[in-house]
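Residues per chain, in single letters:
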Amino acid sequence: MEYAFTDVDGDEGILLSGRFTYDDSRKFHDMVADWDFGRRPDVRLDFRYLTFLDSTAIGMLFILANRARDAHGSVTVLNAQPYIVQTMKRVSLDQYVFLR
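Residues numbered from 1 in each chain as written. Predicted model: local features only at pLDDT ≥ 70, side-chain atom pairs only at ≥ 80, totals over all residues. Heavy atoms only, no water.

Quick one: what's the story with helix α2 (residues 55-70), residue by residue and with numbers?
In this model α2 runs 23 Å from its N-terminal to its C-terminal C-alpha over 16 residues, within 8% of the 22 Å that 1.5 Å per residue would give. All of the buried residues along α2 are A57, I58, M60, L61, L64, A65 and A68. Along the long axis of α2, the arc covered by the buried residues comes to 160 degrees, so they all point the same way. Of the exposed residues in α2, the ones pointing more than 90 degrees away from its buried face are S55 and D70. Elements that come into contact with the buried residues of α2 comprise β2 (11-20), α1 (25-34), β3 (43-53), β4 (75-78) and α3 (82-90). For α2, the capping residue at the N-terminal end is D54, with a side-chain oxygen 3.0 Å from the backbone nitrogen of T56. Once α2 ends, the next one or two residues include H72, with phi positive near 65 degrees. (Helix = DSSP H or I, 4+ residues; strand = E, 2+ residues; numbered from the N terminus. Expected span 1.5 Å × (residues − 1). Buried < 20%, exposed > 50% of the residue type's maximum accessible area, 1.4 Å probe, protein only. Arc of directions from axis to C-beta. Contact = heavy atoms within 4.5 Å. Polar contact = N/O pair within 3.5 Å; in protein donor to acceptor, adjacent residues only side chain to side chain.)

Outline the packing of aromatic side chains, supporting the account with residue identities and numerical values.
Using the criterion set out here, one finds four aromatic pairs in the structure. Judged by centre distance (5.8 Å) and plane angle (35 degrees), the ring pair of F20 and F28 falls under tilted. Judged by relative accessible area, which is 0%, F20 ranks as buried. Among the aromatic residues, ring-to-ring pairing joins Y3, F5 and W35 into one connected group. Its end group placed over the ring of F52, R19 keeps NZ or CZ at 4.2 Å from the ring centre. In this arrangement the basic side chain of R40 is found over the ring face of W35, its NZ or CZ atom lying 3.9 Å from the centre. (Phe/Tyr/Trp six-rings, centres within 6.5 Å; stacked < 30°, edge-to-face > 60°. Lys NZ or Arg CZ within 6 Å of the ring centre and 35° of its normal.)

Outline unusual backbone geometry, listing residues and values.
In the Ramachandran plot, D9 falls in the positive-phi region, its phi being about 55 degrees despite a non-glycine side chain. Residue position: D9 is located in the loop between β1 (2-8) and β2. A residue is classified by how much of its surface remains accessible, and D9, at 46% relative accessible area, is partly exposed. The residue S92 is not glycine, and still its phi comes out positive at about 65 degrees. Tracing the backbone shows S92 in the loop between α3 and β5 (98-99).

Pulling in residues and values, what's your account of the side chain of D46?
Within the secondary structure, D46 is located in strand β3. Once residues lying within four places of it in the same chain are set aside, the contact partners of D46 are V8, I14, L15, L16, L78 and N79.

How would you summarise the sheet that holds β3 if you had to cite specific residues and measurements?
Strand order in this open sheet of five strands is β1-β2-β3-β4-β5, and the pairing throughout is mixed. Only two strands of the sheet have a single neighbouring strand rather than two, namely β1 and β5. Sheet topology places β4 next to β5; two bridges connect them, and they run parallel. By the bridge assignment for β5, V77 is matched with L99. Sitting on the sheet, α1 is in contact with β1 and β2, with an inclination near 30 degrees to β1. Docked against the sheet, α2 engages β2, β3 and β4, running at close to 175 degrees with respect to β3. (Pairing = 2+ DSSP bridges. Axes fitted to C-alpha atoms, helices over the stretch in contact; angles between N-to-C directions.)

Rendered as structure tokens:
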């Protein structure tokens, strides 16, 4: 997985690309540590270039949703491929993040 802090649908957000797997745990935690939840409790994720999520990545997204919620914010996923959305719905991640 690669990520970049960028404009996502008119607000600050994070663009994720490639395969998001267990091997990206350190990179994900670095990304979350670099996000200022105090200033930006709402996290917008652009998944347009994300091609795969494994179970560890899904768990990391639950962690991100909890961090945002603790900061009185939320996580919104935009531009995900239909099969990524389907996977997120199967594990009820859509109960914790907004899918647009």
